[in-house]
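Results of the structural survey
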Amino acid sequence: MNTRAFITGVAGTELNAAEREFIRSQRPWGFILFKRNVETPAQVATLIKELRQELGQPEAPVLIDQEGGRVQRLAPPHWPVYPAGAVFGKLYDIDPALGITAARLSARLIAADLDDLGVTVDCLPLADIPVAGANAVIGDRAYGAEPGKVAAIARAVTEGLGQGGILPILKHIPGHGRATADTHLNLPVVDTPRAELERTDFAPFKSLADLPMAMTAHVVFSALDPAQPATTSATIIEQVIRGVIGFEGLLMSDDVSMNALAGSIAERTRAVFAAGCDMVLHCNGKLDEMREVARETPELSGKPLQRAGRALASRKAAQAFDRLKARTELDMLIGRAGAVASA
């Protein structure tokens, strides 16, 4: 059975009758979970199983934002706390090998948590490079401010996820670090010249262009397209994301319910596809908006279907590892970063 080119959230910790009917009739490609969907490991695993059962797709992708730090949908008491991305950057500055090792270990442990539940995709790594004066929405989620360092840590995170059987989503392409507003609330405009963007912001994404999936930034780059954010800019998607950066994987929007985008949910959805995104992401679980997205979303076919197929086929089975040993090693490395920072 064909699916349609959208990923949807749901409202709570269990499906209601209207959501079940929506999933069966509208056939999303995948699902995304948030804190509102999470109580206990058993409950999350049951919810994921039921999402797939209603869709009739036992391998349907299930996404989550499990970065560590401020962005961690699975949290205590049932799941451990993981470090923010900036911690790996601090370790990298002490010794690049330490930063790489810690990033890979953290991602491998996160992957084990996700695999236990049936989650198959993590919205990670970030390749965004924050600058002074930017909004704190990225902040310590970022690995650093130097493109090579960011790319190296992001690659290690990708490897750790992959070793645990979890697919990565690269975000927020072509870069969110300069945004002066939180895109959940407002549309940021970046006026940096194109040459500087290519030298800095776009560079880590170019190094990671082989990743299977990426999520767009709701950010206007006035030097490239003064009217549209990257998510709805055919110019940026064609010339920068597919062109300069060379990304050939599955390209999905960031959440179309975020206030950075203008117009109705239906208008936003149409704009996402018109610009060249393969997939639209809708997160808030509001059924009326979910129905608008579904009405404007085509069947997954052609190049987007091929990209989606390649992405899912790139997922490997989780490798065996010693979770306790890995957690102990990670804690030691984090402690070292903390000791240096306080010295």
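Reading the values: rules and limits
- Residues numbered from 1 in each chain as written.
- Predicted model: local features only at pLDDT ≥ 70, side-chain atom pairs only at ≥ 80, totals over all residues.
- Heavy atoms only, no water.
- Helix = DSSP H or I, 4+ residues; strand = E, 2+ residues; numbered from the N terminus.
- Rg over C-alpha atoms; globule rule 2.2 N^0.38 Å.
- Buried < 20%, exposed > 50% of the residue type's maximum accessible area, 1.4 Å probe, protein only.
- Contact = heavy atoms within 4.5 Å.
- Lys, Arg positive; Asp, Glu negative; His and termini not counted.
- Charge placed at Lys NZ, Arg CZ, Asp CG, Glu CD.
- Axes fitted to C-alpha atoms, helices over the stretch in contact; angles between N-to-C directions.
- Parallel < 35°, antiparallel > 145°, perpendicular 65-115°, else oblique.
- Nonpolar A, V, L, I, M, F, W, Y, C, P; charged D, E, K, R; others polar.
- Pairing = 2+ DSSP bridges.
- Salt bridge = Lys/Arg side-chain N within 4 Å of Asp/Glu carboxyl O.
- Polar contact = N/O pair within 3.5 Å; in protein donor to acceptor, adjacent residues only side chain to side chain.

**Remarks on the overall build of the protein chain**
Within the protein chain one finds 12 helices and 13 strands. A globule of 343 residues ought to have a C-alpha radius of gyration of about 20 Å, and the protein chain, at 19 Å, matches this closely. With the C-alpha coordinates aligned to their principal axes, the bounding extent of the protein chain is approximately 55 × 50 × 30 Å. Within the span of the protein chain, comprising 343 residues, buried residues form 57% of the whole. Within the protein chain, contacts between residues at least 6 apart in sequence are counted, and of these 77% link residues at least 24 apart. Treating the 36 positive side-chain charges of the protein chain as one cloud and the 40 negative ones as another, the clouds have centres 2 Å apart.

**Describing the packing of helix α1 (residues 17–26) against helix α2 (residues 41–55)**
Running from N to C, α1 and α2 point in directions that differ by 45°, and their axes come no closer than 8 Å. When the axis of α1 is compared with that of α2, the two are oblique. Here Arg-20, Ile-23 and Arg-24 of α1 come into contact with α2, specifically with Glu-50, Leu-51, Glu-54 and Leu-55. A per-class count over the contact of α1 with α2 returns 3 nonpolar, no polar and 4 charged.

**A short note on the sheet that holds strand β10 (residues 213–216)**
Read across the open sheet, the 9 strands follow the order β7-β6-β3-β2-β1-β13-β12-β10-β8; overall the sheet is parallel. Two strands bound the open sheet, and with one partner strand each, they are β7 (167–168) and β8 (170–173). Bridge count for strand β1 (residues 4–8) against strand β13 (residues 279–282) is 3 bridges, and the pairing is parallel. Bridge pairing in β13 places Thr-8 opposite His-282. In the packing of α2 onto the sheet, the strands contacted are β2 (28–33) and β3 (62–64), and the crossing angle to β2 comes to about 165°. In the packing of helix α9 (residues 265–275) onto the sheet, contacts are made with β1, β12 (250–255) and β13, and the angle to β13 comes to roughly 150°.

**Remarks on unusual backbone geometry**
The peptide bond linking Lys-171 to His-172 adopts the cis configuration, its omega dihedral lying at -5°. Pro-174 follows Ile-173 through a cis peptide bond whose omega is 5°. Counting through the fold element by element, Pro-174 comes out in the loop between β8 and β9 (189–190). Despite not being glycine, Arg-27 shows a phi value in the positive range, around 55°. In this structure, Arg-27 sits in the loop between α1 and β2.

**Thoughts on the side chain of Arg-268**
Position of Arg-268 among the secondary structure elements: in helix α9. Buried within the structure, Arg-268 lacks any salt-bridge partner; its nearest side chain of opposite charge belongs to Glu-289, at an N-O separation of 6.5 Å. In this structure the side chain of Arg-268 is engaged in a polar contact, spanning 2.9 Å, whose partner is the backbone oxygen of Gly-263. Discounting chain neighbours no more than four positions away, the residues touching Arg-268 are Val-256, Ser-257, Met-258, Leu-261, Ala-262 and Gly-263.

**Focus on the side chain of Asp-225**
Assignment of secondary structure puts Asp-225 in the loop between β11 (220–221) and α8 (234–244). Within the buried core, Asp-225 has no salt-bridge partner, and the shortest N-O distance to an opposite charge, that of Arg-194, equals 11 Å. Within the structure, Asp-225 has its side chain in polar contact with the backbone nitrogen of Ala-227 (distance 3.0 Å). A polar side-chain atom of Asp-225 sits 2.7 Å from a polar atom in the side chain of Ser-233.

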